[in-house]
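A look at the structure
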Amino acid sequence: MANIYDMPGIDNAWCPGCGDHSILHIIKTALSELGISQDNLCMVSGIGQAAKLPQYMKASYFNGLHGRALPTATAIKAANTELTVIAESGDGDMYGEGGNHFMAAIRRNPDITNIVHNNMIYGLTKGQASPTSGVGMKSNIQVDGVFEQPFNPLAVAIALNATFVARAFSGDMEQTKEIVKQAILHKGYALVDILQPCVSFNKINTAAWFKENTYYIENHNPADRNAAFALATREGKLGLGIYYKYDGRAVFEEQLEANKEDKTPLYKRDGDRQAKLENLINAYV
Amino acid sequence: MPKVYKDDVSVVLCGEAGAGVQTVENVVSKIFKTAGFSLFTSKEYMSRIRGGSNSTQIRVSSSPKNCYCDRIDVCIPLDKDALKHLYGRITNDTTIIADKEAVGETEKHIIDVPFSKYAKEIGGAIYSNIIASGVILGLFKVDFAHLEKVIRDSFSKKGDEIVNANIRAGKKGYEIAEMILKDVQIEVARDEKTCEKMLLSGADAIGLGALAGGCDFISSYPMTPGTGVFAFMAKSQKEFGVAVEQAEDEIAAINMSVGAGYAGARSMVSTSGGGFALMCEGVSLAAMTETPVVIHIAQRPGPATGLPTRTEQADLDLALYAGHGEFPRAIFAPGNPSDCFYMTGKAFDIADKYQTPVFILSDQYITDSLFTCPSFKVPEPQIKNIVKTSPDYVRYKITPNGVSPRGVPGYGSGVACADSDEHDETGRITESENMRVLMHEKRLKKYDLILNEAEEPELHGASDYENLVVCWGSTVEVLKEALALLNYGRTAVLYFKQVFPLPRSTRDYLQRAKKIIFVENNANGQFETLVRSVTGFKSSGHIHKYDGLPFSADKAAEELRKIL
């Protein structure tokens with residue numbers, strides 16, 4: 001079905017069968033089902049295969065530096081609170097290179113959606129370990145296998161009191177789309193960690209492995225942060241669904257003095273500061 | 001014979017961090033200017049919160065003397081280490097006012113003022129700051145009413161008792177001054193016109209310039225001495241609607257500013273060399289995505305952590321070459337508060353018009369010093385170079401001059417796609433050799449447009465010069481005074497407030513000189529190297545200083561005398 005976000009004639013750089021294709025479809029469908037208009041959306045990404053996603057959509061985007069999508073997205077939202085802002089990239093980008101920004105974004109709680117394509121490997125650099133790779137995974141760099149503990153993004157996000165934390169699987173388009181829609185609708189920072197296979201380089205965490213090693217969260221109250229943390233830190237299979245959601249926290253951009261009384265985008269504001277500036281200058285006389 | 005100090009008096013206070021040197025400077029500086037004296041203050045301090053030796057120079061003069069000098073006329077050491085710290089600058093012409101009990105035995109002649117005893121009599125050690133302020137103001141016969149007003153304004157919230165005690169402390173200071181004036185004569189004329197001038201730091205002047213330039217977004221990470229501008233913007237955020245965020249690190253700071261710029265803000269960062277080193281990839285990002293951003297670097301000595309609270313001009317090379325790849329940029333180096341104001345405003349305009357990173361290079365000396373300067377003229381409101389997009393809008397349209405109309409997300413029916421990868425006109429990734437060349441040339445073309453608007457260097461001294469002293473940034477006021485001290489004919493100072501791109505007139509100025517001397521607050525002569533690489537001119541000599549302190553007018557004159 002045609003979608004306003006479809007970008008005709010694109011030369012796609014993703015491998016056939018890559019989970020990125022599904023995630024692109026999911027995001028476009030979620031956005032159009034929510035009726036978010038094209039001129040109100042801004043996609044922000046870092047670097048990597050996942051970060052190429054905005055290229056394949058008809059929407060404004062800022063494809064920035066490796067690991068830096070979150071500070072950029074936070075600032076875009078601050079400069080124009082009217083935009084729907086989605087920051088998306090891979091696990092290496094968001095959790096490795098951008099780890100400090102991941103924590104800071106959760107603390108700031110800007111009203112942005114953070115979609116992380118988590119394939120537990122570095123694809124664009126051809127198969128090195130990512131922060132979420134399992135212990136023992138071998139590569140041309142980790143020649144004897146990974147020995148570091150994998151990063152647990154959900155547990156970290158819940159520990160830092162992120163206001164929306166979810167995990168999905170690219171193989172389940174319907175559930176993932178519903179989660180992404182809720183994440184976009186959520187007012188505040190929303191993390192959606194999407195598990196996806198890397199067909200070219202990750203021979204361990206394959207589509208079959210994900211099916212085998214995931215389960216749908218049931219009988220869980222997303223308002224219960226302790227229960228959410230317990231779920232996120234449980235050993236074994238990975239739970240899919242919304243872990244935690246809290247609606248009571250103020251968002252970053254609305255707490256900035258610049259946006260407290262005036263919510264129009266910064267570029268639209270009257271730049272006439274002459275009288276005020278003259279007063280301020282006179283205070284030095 | 002009483003010592004006589006005329007027209008230009010250098011008062012230096014020195015004590016450990018936290019002892020109140022800063023408080024005294026804050027109390028007296030505005031009062032001097034209000035009373036019609038020209039004032040310049042410069043501080044040197046250690047990177048610690050307590051202990052050590054910090055000093056402040058307060059230059060009181062009949063006409064502006066806007067720079068640091070080594071000479072100390074009146075020295076007020078607050079402890080033993082302070083006297084040691086200033087020892088090399090104290091001569092037989094220096095009058096030392098000190099509490100003998102605090103500074104201990106010394107062969108120097110000291111006018112003994114038992115500050116701590118007097119302070120205790122009034123109510124505690126805390127009053128010694130106001131006593132010292134009273135002494136300094138009293139020496140210049142400044143009307144006591146000025147001090148009384150400042151005391152009432154500052155302490156009225158704390159109740160009458162505190163106000164009255166401080167007034168007694170101030171009066172005590174004046175009594176002491178009167179006693180000292182029996183041995184010392186101070187003659188500095190007042191000028192009513194000084195009352196119309198401003199007294200402000202370079203940091204505040206840059207902040208005001210940013211507001212005048214339309215800045216509405218700043219993200220930074222605190223780092224001395226770049227924090228002053230950041231704090232100024234934070235203080236102004238409510239009134240001027242500036243979005244202010246302390247980032248988690250400098251990498252986030254620059255990426256935020258670039259993000260805000262992409263969304264249509266006029267954004268900036270303020271930092272110092274080490275922090276800026278972390279921002280370099282972001283500078284390249286701004287250039288590639290053609291996003292305006294203003295970067296203020298307040299220089300301090302490196303490498304690495306270096307001397308955190310000292311001054312140097314050694315990050316020109318860093319600003320010049322920061323960011324991988326080739327792209328246009330502009331670098332301003334204001335040398336006094338007026339230029340801090342006007343050049344910062346211009347930096348925002350250039351960044352906005354040419355969609356590229358623009359730098360302001362200051363340093364610890366200029367950001368922390370207070371200057372007396374003519375009031376700033378507020379420029380016309382900024383023109384916003386942002387277009388409303390149509391469905392066929394492309395962000396990186398190839399145009400004859402290289403500047404593409406700048407659309408932002410959410411404004412118009414088109415989309416604004418920015419990319420850090422090489423891209424085509426629509427902003428999509430490309431690896432086409434042809435497109436790469438077109439895009440690279442389009443960006444580089446903007447260099448000529450920036451050069452066309454380059455700020456001309458300023459010539460001070462003889463227009464028919466044979467000797468030309470070349471400087472950039474904060475050394476200008478020092479060299480102007482050194483030139484006056486030298487009193488040589490056919491000698492001039494050429495001051496660059498824009499160091500890149502070098503104004504086209506540079507060659508003409510150099511051509512007319514027989515002798516070219518570069519003076520720089522660094523060891524390698526970074527500006528000299530730049531000028532030589534652009535113009536081919538070699539210097540006849542240079543003076544470099546890299547001990548963490550600014551040049552002083554008297555020492556600079558001495559050095560110039562040797563070399564000219």
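Residues numbered from 1 in each chain as written. Chains lettered and ligands numbered in written order. Predicted model: local features only at pLDDT ≥ 70, side-chain atom pairs only at ≥ 80, totals over all residues. Heavy atoms only, no water.

1. Observations regarding the overall build of chain A
Operational definition: Runs of H or I in DSSP of at least four residues are treated as helices and runs of E of at least two as strands, each being numbered from the N terminus. The reference for a compact globule is 2.2 Å times residues^0.38; the radius of gyration itself is calculated from the C-alpha atoms. Throughout this description, buried means an accessible area under 20% of the type-specific maximum (1.4 Å probe, protein chains only), exposed means over 50%, and partly exposed covers the range between. By definition, residues are in contact when any of their heavy atoms lie within 4.5 Å.
Along chain A, the regular secondary structure elements total 11 helices and eight strands. By the compact-globule yardstick of 19 Å for 285 residues, chain A fits well, its C-alpha radius of gyration being 20 Å. If one aligns the C-alpha atoms of chain A with their principal axes, the spans along those axes are about 70 × 45 × 40 Å. Going through the 285 residues of chain A one by one, you find that 58% of them count as buried. Put simply, of all contacts in chain A between residues at least 6 apart along the chain, 70% involve residues at least 24 apart.

2. Here's the deal with the overall build of chain B
Along its length, chain B carries 19 helices and 25 strands. Taking 24 Å as the expected radius of gyration for a compact globule of 564 residues, we find that chain B reaches 26 Å, a close match to that expectation. Counting only C-alpha atoms and orienting by the principal axes, one finds that chain B spans roughly 80 × 60 × 40 Å. Burial status across chain B gives 63% buried among its 564 residues. Contacts in chain B between residues at least 24 apart in sequence constitute 74% of all its contacts with a sequence separation of at least 6.

3. Description of empty space enclosed by the protein
Residues and elements named next belong to chain B. Put simply, the rule is: Space inside and on the surface of the protein is sampled on a 1 Å grid over the protein atoms alone, with a cavity defined as a set of points where a 1.4 Å probe fits but cannot get out and a pocket as an open set with protein on both sides within 12 Å along at least 5 of 7 lines; lining residues have an atom within 4 Å of a point. Grid points are joined across faces, edges and corners, and a volume is the space filled by probe spheres set on the points. In this classification, Asp, Glu, Lys and Arg are treated as charged, Ala, Val, Leu, Ile, Met, Phe, Trp, Tyr, Cys and Pro as nonpolar, and every other residue, Gly included, as polar.
Within this structure, the stated rule accounts for two cavities of 30 Å³ or more. Along the walls of the largest cavity sit 16 residues, with S42, K43, E44, Y68 and P550 positioned nearest its centre. Those elements that place two or more of their residues in the lining of the largest cavity are β3 (38–44), β4 (51–61) and α14 (364–368). Partitioning the lining of the largest cavity into residue classes produces five nonpolar, seven polar and four charged. Along the walls of the second largest cavity sit A265, R266, S267, P292, V293, V294, F348, A351 and D352, which together make up its complete lining. Contributing elements (two or more residues each) for the lining of the second largest cavity: β13 (293–299) and α13 (337–354).

4. Comments concerning the interface of chain B and chain A
The following threshold applies: Accessible surface is computed with a 1.4 Å probe, and the buried area is the amount of it that two parts give up when combined, taken over both parts together. Any Lys or Arg side-chain nitrogen found within 4 Å of a carboxyl oxygen on Asp or Glu counts as a salt bridge. Counting of polar contacts relies on pairs of N or O atoms within 3.5 Å, with two restrictions inside protein: one atom must be capable of donating a hydrogen and the other of accepting it, and residues adjacent in sequence are counted only when both atoms are side-chain atoms.
Between chain B and chain A, the contact holds 73 residues from the first and 51 residues from the second. Summed over both sides, the interface between chain B and chain A buries roughly 5,000 Å², with carbon and sulfur atoms accounting for 60% of that surface. For the pair chain B and chain A, the interface holds two salt bridges. Taken together, the links from chain B to chain A amount to 29 residue pairs in polar contact (both at pLDDT 80 or more). Broken down by element, the side of chain B that touches chain A gets its largest block of residues, eight residues, from helix α10 (residues 250–262) of chain B. Taken together, the residues of the side of chain B that touches chain A sort by class into 39 nonpolar, 16 polar and 18 charged.

5. What about unusual backbone geometry?
The omega torsion across T224 of chain B and P225 of chain B is 0°, close enough to zero to call that bond cis. Structurally, P225 of chain B is set in the loop between β10 (217–220) and α9 (227–240). Here the amide bond leading from F500 of chain B into P501 of chain B is cis, since omega sits at -15°, within 30 degrees of zero. Residue placement: P501 of chain B occurs in the loop between β23 (498–500) and α17 (506–511). Of note, the phi angle at K126 of chain A is positive, near 75°, even though the residue is not glycine. Structurally, K126 of chain A can be placed in the loop between β4 (112–118) and α5 (153–159).

6. As for the nonpolar core
Selection criterion: Only buried residues count toward a nonpolar core. Its members are Ala, Val, Leu, Ile, Met, Phe, Trp, Tyr and Cys residues joined through side-chain atoms within 4.5 Å.
Counting 95 residues, the largest nonpolar core has Y243 of chain A together with F527 of chain B as its most contacted members. Contacts of Y243 of chain A, omitting those with residues within four sequence positions, involve L154, I158, V165, A166, R167, I217, H220, P222, A228, L231 and A232 of chain A. C340, I350, V469 and L479 of chain B belong to the second-largest nonpolar core, a separate cluster that totals 66 residues.

7. Here's the deal with the side chain of T72 of chain A
By the element assignment, T72 of chain A lies in helix α2 (residues 69–79). Note on T72 of chain A: relative accessible area 1%, which makes it buried. Not counting residues within four places of it along the chain, the set of residues in contact with T72 of chain A comprises V44 and F62 of chain A together with N255 and G259 of chain B.

8. Here we look at the packing of aromatic side chains
All names here are of chain A. Note the threshold: Stacked, tilted and edge-to-face pairs are distinguished by plane angle, under 30 degrees for stacked and over 60 for edge-to-face with tilted covering the rest, among Phe, Tyr and Trp rings (Trp via its six-membered ring) whose centres lie within 6.5 Å.
All chains considered together, the criterion is met by 22 aromatic pairs over all chains. Ring geometry for F169 and F210: centres 5.5 Å apart, planes at 40°, overall tilted. Taken together, the residues F169 in strand β5 (residues 164–169) and F210 in helix α7 (residues 207–213) connect sequence positions 41 residues apart. The buried category is assigned to F169, whose relative accessible area is 5%.

9. Overview of the environment of D419 of chain B
Mapped onto the fold, D419 of chain B is located in strand β19 (residues 417–419). On a C-alpha basis, the gap between D419 of chain B and A125 of chain B in space is 61 Å, while along the polypeptide they are 294 residues apart. If near-sequence neighbours (up to four positions away) are discounted, D419 of chain B is found in contact with Q55, Y61 and N63 of chain A together with M288, T289, Y396, G427, R428 and I429 of chain B. Polar contacts involving the side chain of D419 of chain B include one to the side chain of N63 of chain A, which spans 2.7 Å.

10. Some words on the sheet that holds strand β24 (residues 515–520) of chain B
Residues and elements named next belong to chain B. Spelled out, the test is: Between any two strands, pairing holds if DSSP finds at least two bridges. All axes are obtained by fitting lines to C-alpha atoms, using only the stretch in contact for helices, and the reported angles, taken between N-to-C directions, cover 0 to 180 degrees.
Spatially, five strands are ordered β20-β22-β21-β24-β25 in an open sheet, and the strand pairing comes out mixed. Each edge of the open sheet is held by one strand with a lone partner, namely β20 (458–461) and β25 (541–544). Ignoring which end each strand starts from, the neighbouring axes of this sheet average 20° apart. Of the strand pairs in this sheet, strand β21 (residues 467–472) and strand β22 (residues 491–496) are connected by six bridges, and their pairing is parallel. Following the sheet pairing, N467 is matched in β22 by T491. Against the sheet, helix α16 (residues 476–486) engages β20, β21, β22 and β24, with an angle of about 175° to β22.

11. Looking at the confidence of the model for chain B
The condition that has to hold: Each residue carries a pLDDT value, the predictor's own confidence for that position, ranging from 0 to 100.
On average, residues of chain B score 96 in pLDDT, and 100% of them reach the 70 mark or higher. Here the predicted complex carries an ipTM of 0.98, next to a pTM of 0.97.

12. As for the sheet that holds β4 of chain A
Strand order in the open sheet formed by nine strands is β7(A)-β8(A)-β5(A)-β6(A)-β4(A)-β3(A)-β1(A)-β2(A)-β19(B), and the pairing between neighbours is mixed. The sheet is open, and its two edges are formed by β7 (214–216) of chain A together with β19 of chain B, each paired on a single side. Ignoring which end each strand starts from, the neighbouring axes of this sheet average 20° apart. Pairing analysis gives six bridges linking β5 of chain A to strand β6 (residues 190–195) of chain A, with the strands arranged parallel. Its bridge partner being in β6 of chain A, F164 of chain A is matched across the sheet by A190 of chain A.

13. A few points about helix α8 (residues 225–233) of chain A
What counts, and what does not: As used here, the arc belongs to the directions running from the helix axis to the C-beta atoms.
If you check which residues of α8 of chain A are buried, you get A228, L231 and A232 of chain A. Take α8 of chain A and look down its axis: the buried residues cluster within an arc of 95°, on one side only.

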